[in-house]
Amino acid sequence: MTGMGNDAGARPDVAAGLVLAIASAASFGLSGSLARGLLDAGWTAGAVVLARLAIAAFVVAPLAARALRGRWGALRADAGFILLFGAIPVAGAQFAYFSAVERMDVGPALLIEYTAPAAVVLWLWLRHGERPGPLTVGGAGLAALGLVLVLDLLSGSDLAPAGILWALIAMVGCASYFVLAATPRPNLPPVALAGSGLAVGALVLAAVGAVGLLPMHATTASPVYADSSVTWWLPLLGLGVVTAGLAYCFGIAASRRLGSRLSSFVALLEVVAGVTFAWLLLDQVPTSLQLAGGLLIVAGVVVVKLGERPPATRPAPIKLTPVHES
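Residues numbered from 1 in each chain as written. Predicted model: local features only at pLDDT ≥ 70, side-chain atom pairs only at ≥ 80, totals over all residues. Heavy atoms only, no water.

1. What to know about the packing of aromatic side chains
Okay, step 1: Enumeration according to the criterion identifies six aromatic pairs in this entry.
Okay, step 2: Pairing F28 with Y248 gives two aromatic rings, centres 5.0 Å apart and planes at 90°, and the pair type is edge-to-face. Highlighted residues: F28 in helix 1 (residues 14-41) and Y248 in helix 10 (residues 233-258), separated in sequence by 220 residues. For the residue pair F28 and Y248, the accessibility class agrees, reading buried in each case.
Okay, step 3: Ring centres of Y177 and F178 lie 5.2 Å apart, and the angle between their planes is 65°; on these two criteria the pair is classed as edge-to-face. Per residue, the accessibility class of Y177 equals that of F178, and both read buried. (Phe/Tyr/Trp six-rings, centres within 6.5 Å; stacked < 30°, edge-to-face > 60°. Helix = DSSP H or I, 4+ residues; strand = E, 2+ residues; numbered from the N terminus. Buried < 20%, exposed > 50% of the residue type's maximum accessible area, 1.4 Å probe, protein only.)

What follows is the structure, encoded as structure tokens:
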């Protein structure tokens, strides 16, 4: 892939990018708790993901059309990029993650998937020669330790080889999301990429379900959150509008402001958000170690940000011109 966005140089509006990235991480973090209620009510993972992406594509479509302002040629010009984005980061990563969860515990699967920031740093190093500095490496280490604590892996979990393979594929899909989302596409606004990518992802998942690779089953039974039953379409609407539509729009816009490396590390806050929402909606109370892990993740993001400070610009040398005597 050519023209891949890198993290060199200053990027405008970093503060707004951080706000968008945090909002995206929080929105994505809500998806697990909302989906869990539907899964417990009898939905299959494939049906939840497909409905989530289809609703999100429908909601974002008018915004994408308005952003393009009739410049439909941008979709044709970037058709290959959009297909790649929709198939791998949007549909592929989710399909691989749910396949991993079918074979192993959720915690280890999430930990493997969220090694994506390290993969992003490695990609930028190998592809663009952006060697990570000591602060970036240190921030990555803090964030990784925080993830271990947040996901409560110290108690030990069974790992299945097939599950590890699917989780690694999900990690590649997650890393490709940050790299592709940060790719400069001047004629393709972030909301247009989000809308078209969600539509492609929904079509890909529908095709995978149609050939029987991903079971599809839905029910109108009422899911339960915080000991209260709600109508089935309410969490489904939240999954489509908030955890997919808004999350992808915010995330792509943040990646274009922050670059792939920093945005991928900020996205680690999704794990903290996921634990928080599981506590509020599913009564899964986080332990003190998990809370400490959340603080380590935040510290790691801050350290990575410090490591991205551009080098101080040196003043241009003064050229001395000889003085000719008249």
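2. What to know about the side chain of S255
Okay, step 1: Take S255: it is sitting in helix 10.
Okay, step 2: Residue classification places S255 among the buried positions, given a relative accessible area of 1%.
Okay, step 3: Residue contacts for S255: discarding those within four places in its chain leaves F178, A181, A182, S260 and S263. (Contact = heavy atoms within 4.5 Å.)

3. Points about the nonpolar core
Okay, step 1: Counting residues in hydrophobic clusters, the biggest one holds 54 residues, and the most contacted among them are F85, Y177, L198 and Y248.
Okay, step 2: Among the secondary structure elements, those contributing two or more residues to this core are helix 2 (45-68), helix 4 (79-103), helix 5 (106-113), helix 6 (116-128), helix 8 (161-181), helix 9 (190-210) and helix 10.
Okay, step 3: What Y177 contacts, discounting residues up to four positions off in sequence, is F28, F85, P89, A247, Y248, G251 and I252.
Okay, step 4: Counting 21 residues, the second-largest nonpolar core is a separate cluster that includes A25, Y114, V266 and L269. (Core = buried A, V, L, I, M, F, W, Y, C linked by side-chain atoms within 4.5 Å.)

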